[in-house]
Amino acid sequence: MIIVFVLYFALTLCLGLWEARKTKSQSDFVLGGKKLPGWMLALSERATGESAWLLLGLTGFIYATGLSGIWTGVGCLLGISTAWIVLARKFRAEAEAYKAMTMPEYFAAKFASKANLIRVLSTGIIVFFFVFYVGAQFAGAGKTIQQTFGFSPFWGMIISAVVILGYATFGGFVSVVAVDTFQSILMLTTLVVTPVILLVKILASPVSPAQAFAAAGPGFGSLTGGLAGFAAGLMIFNNLAWFFGYLGGQPQLNARFMGMKDEKNVRLGRNIAVLWTIIAYSGVVIIGLGAHVLFGPKAVADSEMILPFILNNLFPGWLAALLLAGAVAAMISTAESMLLVAATSISEDVYKGILKKGRARERTLLLISRLSTVAVGVLGLVLALTTKDLIYSIVSYAWAGIGCSFAPAVLLSFYWDRFNAAGVVTALASGLVSTVVWMLAGLEKTVTARASTFIIAMTLAVLVTLVSKKKEPETAKASPLTSG
């Protein structure tokens, strides 16, 4: 198993460094020069979007809560499908029209009257919440390696951080997408093979799913968790609320849309991404529920370790290690993309956009992007080493903070002509503040921040726009796009 893991990490590092040779400019580092095919960007987007949260967090959540956890998967599937079907084309078109390579750069170009404030606020939100997100991925890698080999999770976090920073720092977007494509296939393999074997074992087991769910206690086998009326509706709504974060609110995913060459590639990417998601989420649900049937409710002390437990108990060592690499792949692909987005926001939006007012040297920008990648990665590693929170909880907090700050601003920017700079600033600021306050006040236990902060930011952005001047002065765009 150790040999397989070593080979996996070595292959990941070598692939990333090999692709890094193609990174010659800041444009290559940020969006791959818009030269990458749609199918690669789709697989990369899925690998990036589905982190340790999916393979460890959601499997553990369903294992612990039962059928009601399915609503989380439904919310994510609806959000992902909406992003690809409705928003992907718009992202590509807007990025091209305003010659933007990052989300802050797009907002600053379109709403130029408050460009610097928008750049600083956007970059601050990205860096702040991405440190939590990256930390969750490092923590997931540490927990997986501990469950598999018995090593201290410290070493799993260190190894993952070294591998990720090794190629993401040098290759940027080109390396990240290449590695993500490989990781995405490996993740899907894990989420197909494991459920199939589980189902075969369950069919041969004397305990039926109905018996296992009944023995688990009231609510485990219910889609409402045993709740009724308003309480049931609120529980379903809270789980479905992951949907809101996908509505243009995740810069690491939006970068894949912005990097598309043409509309033909967007359509290809859409089909691949939606199909991948349906298969992957179905696998996660089967793993979470099937583990309960086959191994009972107390198979692991930490519910988020149920996938490594299953693999170690159902498969020979070499195959378990290979499939576990699929779980680690999810963590690595997300962490690397987070690092890239945070680093390029610092170099493009703060250094080039504000400090140098667009007149930065290419070589200097690349250096700052690389140094920023290392800095954010180290901060995420420190967080992972010092926190004991569940991956599901950390990602939920970061998802709300990022998604509910950016999504309202993106949607209003795309579809409301009257929307202006004051509205953008309001959406970003209120999304950030309301998420932090909501979490610190403990309100998450009643209504999730993933929905409440989206509603707050959207409402305030609309109100501020209505009471301020009617329309933002038109910003010069590039030449009209031609369809692919």
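Here the structure is a predicted model, which is why all the values come from computation and not from measurement. (Residues numbered from 1 in each chain as written. Predicted model: local features only at pLDDT ≥ 70, side-chain atom pairs only at ≥ 80, totals over all residues. Heavy atoms only, no water.)

Engineer: How do you make sense of the overall build of the chain when you look at a structure like this?
Structural biologist: In terms of helices and strands, the chain carries 19 helices and 0 strands. Along the longest, intermediate and shortest principal axes, the C-alpha atoms of the chain span 70 × 55 × 45 Å. Taking all 484 residues of the chain together, 59% fall into the buried category. Across the chain, contacts joining residues at least 24 apart in sequence account for 85% of those joining residues at least 6 apart. As displayed, the chain has an accessible area near 18100 Å², and 70% of this comes from carbon and sulfur atoms. With 36 positive and 21 negative side-chain charges, the chain shows a spacing of 3 Å between the two charge centroids. (Helix = DSSP H or I, 4+ residues; strand = E, 2+ residues; numbered from the N terminus. Buried < 20%, exposed > 50% of the residue type's maximum accessible area, 1.4 Å probe, protein only. Contact = heavy atoms within 4.5 Å. Areas by Shrake-Rupley, 256 points an atom, 1.4 Å probe, with all protein chains shown as cover. Lys, Arg positive; Asp, Glu negative; His and termini not counted. Charge placed at Lys NZ, Arg CZ, Asp CG, Glu CD.)

Engineer: Looking at this model, I keep getting lost on the layout of surface pockets. Mind explaining?
Structural biologist: The method is simple in principle: a probe with the dimensions of a water molecule rolls over the atoms, and the space it marks as empty is what remains. Volume-wise, the largest pocket comes out at about 330 Å³. The wall of the largest pocket is formed by 18 residues, among which Asn-238, Asn-239, Glu-444, Lys-445 and Arg-450 lie closest to the centre. Elements with a contribution of two residues or more to the lining of the largest pocket: helix H4 (52-65), helix H10 (229-240) and helix H17 (391-415). Tallied by class, the residues present in the lining of the largest pocket amount to 6 nonpolar, 9 polar and 3 charged. (1 Å grid on protein atoms, 1.4 Å probe; cavity = no way out; pocket = protein on both sides within 12 Å on 5 of 7 lines; lining within 4 Å. Points joined across faces, edges and corners; volume = space filled by probe spheres on them. Nonpolar A, V, L, I, M, F, W, Y, C, P; charged D, E, K, R; others polar.)

Engineer: I'm lost on the packing of aromatic side chains in this one. Help?
Structural biologist: Here the distance between the centres and the angle between the planes together describe a pair of aromatic rings. Counted according to the given criterion, the structure contains 24 aromatic pairs. Grouping aromatic residues by their ring pairs yields a cluster made of Trp-84, Phe-91, Tyr-98, Tyr-106, Phe-107, Phe-257, Phe-406, Phe-414 and Tyr-415. (Phe/Tyr/Trp six-rings, centres within 6.5 Å; stacked < 30°, edge-to-face > 60°.)

Engineer: Even after reading the chapter, I still don't get empty space enclosed by the protein, so can you show me in this structure?
Structural biologist: If you walk through the whole model with that rule in mind, you get 3 cavities of 30 Å³ or more. Every residue lining the second largest cavity is listed: Gly-49, Glu-50, Ser-51, Trp-53, Cys-76, Tyr-133, Trp-242, Tyr-246, Val-395 and Trp-399. Taken together, the residues that form the lining of the second largest cavity break down as 7 nonpolar, 2 polar and 1 charged.

Engineer: Is there a simple way to explain helix H14 (residues 306-314) in this structure?
Structural biologist: Taken across its 9 residues, H14 has 7 buried, putting it largely inside the fold. Residues of H14 that are buried: Ile-306, Leu-307, Pro-308, Phe-309, Ile-310, Leu-311 and Leu-314.

Engineer: Whenever I open this one, the packing of H4 against helix H13 (residues 263-295) confuses me. Can you help?
Structural biologist: Axis angle and axis distance: for two packed helices, these are the angle between their axes and the distance between the axes, and together they describe the pair. Close contact between H4 and H13 brings their axes to 8 Å; oriented N to C, the two are set at 45°. Considering their axes alone, H4 and H13 lie oblique with respect to each other. Viewed along their axes, H4 and H13 form a crossing whose handedness is right-handed. Two secondary-structure elements touch here, H4 through Trp-53, Leu-54, Leu-58, Thr-59, Ile-62 and Tyr-63 and H13 through Tyr-281, Val-284, Val-285, Ile-287, Gly-288, Leu-289, Ala-291 and His-292. Partitioning the contact of H4 with H13 into residue classes produces 11 nonpolar, 3 polar and no charged. (Axes fitted to C-alpha atoms, helices over the stretch in contact; angles between N-to-C directions. Parallel < 35°, antiparallel > 145°, perpendicular 65-115°, else oblique. Left-handed = near helix turned anticlockwise from the far one by under 90°.)

Engineer: When you look at the environment of Met-439 in this model, what are you seeing that I'm missing?
Structural biologist: You can see Met-439 is positioned in helix H18 (residues 421-440). Along the sequence, Met-439 and Ser-282 sit 157 residues apart, while their C-alpha atoms lie 30 Å from each other. Those residues in contact with Met-439 that lie beyond four places of it in its chain are Ser-396, Tyr-397, Glu-444 and Ala-449.

Engineer: What is the right way to look at the pattern of salt bridges in this model?
Structural biologist: A pair can form between side chains of opposite charge whenever their charged atoms are brought close. Applying the stated criterion across every chain yields a total of 9 salt bridges. For Glu-50, the salt bridge is made with Arg-46, and the minimal N-O distance between the two is 2.4 Å. Judged on exposure class, the residue Glu-50 and its partner Arg-46 are both buried. With a closest N to O distance of 3.7 Å, Glu-444 and Arg-450 form a salt bridge. Given a relative accessible area of 23%, Glu-444 falls into the partly exposed group. Connected via shared salt-bridge partners are Glu-45, Arg-46 and Glu-50. (Salt bridge = Lys/Arg side-chain N within 4 Å of Asp/Glu carboxyl O.)

Engineer: How should the packing of helix H3 (residues 38-49) against H13 be read in this particular structure?
Structural biologist: At a minimum axis distance of 8 Å, the contact between H3 and H13 shows a crossing angle of 35°. Two packed elements cross with a definite hand, and for H3 against H13 that hand is right-handed. Residue-level inspection shows Gly-38, Trp-39, Ala-42, Leu-43, Glu-45 and Arg-46 of H3 in contact with H13, the latter providing Asn-265, Leu-268, Gly-269, Ile-272, Ala-273, Trp-276 and Thr-277. Counted by class, the contact of H3 with H13 contains 7 nonpolar, 4 polar and 2 charged residues.

Engineer: Could you clarify how one ought to interpret the environment of Phe-129 in this entry?
Structural biologist: Examined against the element boundaries, Phe-129 turns out to sit in helix H7 (residues 115-149). Residue Phe-129 is classed as buried on the basis of its relative accessible area of 0%. When residues no more than four places from it in sequence are discounted, the contact partners of Phe-129 are Tyr-397, Ala-398, Gly-401, Ile-402, Leu-432, Thr-435 and Val-436.

Engineer: Please explain the side chain of Thr-448 as it appears in this structure.
Structural biologist: With respect to the helices and strands, the residue Thr-448 is situated in the loop between H18 and helix H19 (449-467). With a relative accessible area of 1%, Thr-448 lands in the buried category. Side-chain polar atoms of Thr-448 contact the side chain of Glu-444, separated by 3.1 Å. What Thr-448 contacts, discounting residues up to four positions off in sequence, is Asn-238, Ala-241 and Trp-438. (Polar contact = N/O pair within 3.5 Å; in protein donor to acceptor, adjacent residues only side chain to side chain.)

Engineer: Is there a simple way to explain a nonpolar patch on the surface in this structure?
Structural biologist: Taken together, the side chains of Val-192, Val-196, Val-200, Leu-275 and Ile-279 define a hydrophobic patch exposed on the protein surface, amounting to about 400 Å² of accessible area. Looking at the nonpolar patch, the elements with two or more residues in it are helix H8 (153-203) and H13. Along the chain, Leu-275 falls in helix H13. (Patch = residues over 30% accessible without salt bridge, like charges linked within 9 Å, V, L, I, M, F, W, Y side chains within 5 Å.)

Engineer: How should I be thinking about the side chain of Arg-119 in this particular structure?
Structural biologist: With respect to the secondary-structure elements, Arg-119 resides in helix H7. Residues contacting Arg-119, with those up to four places away along its chain left out, are Pro-104, Glu-105, Ala-108, Glu-348, Asp-349, Gly-353 and Ile-354.

Engineer: Looking at this model, I keep getting lost on the confidence of the model for the chain. Mind explaining?
Structural biologist: Interpretation of the predicted coordinates at a detailed level should be avoided for regions scoring low in pLDDT. Mean pLDDT over the chain works out to 86, with 94% of the residues at or above the 70 mark. Taken as a whole, residues 478-484 scores under 50 in pLDDT and shows 12 contacts with residues more than four places along the chain or in a different chain. (pLDDT = per-residue confidence, 0-100.)

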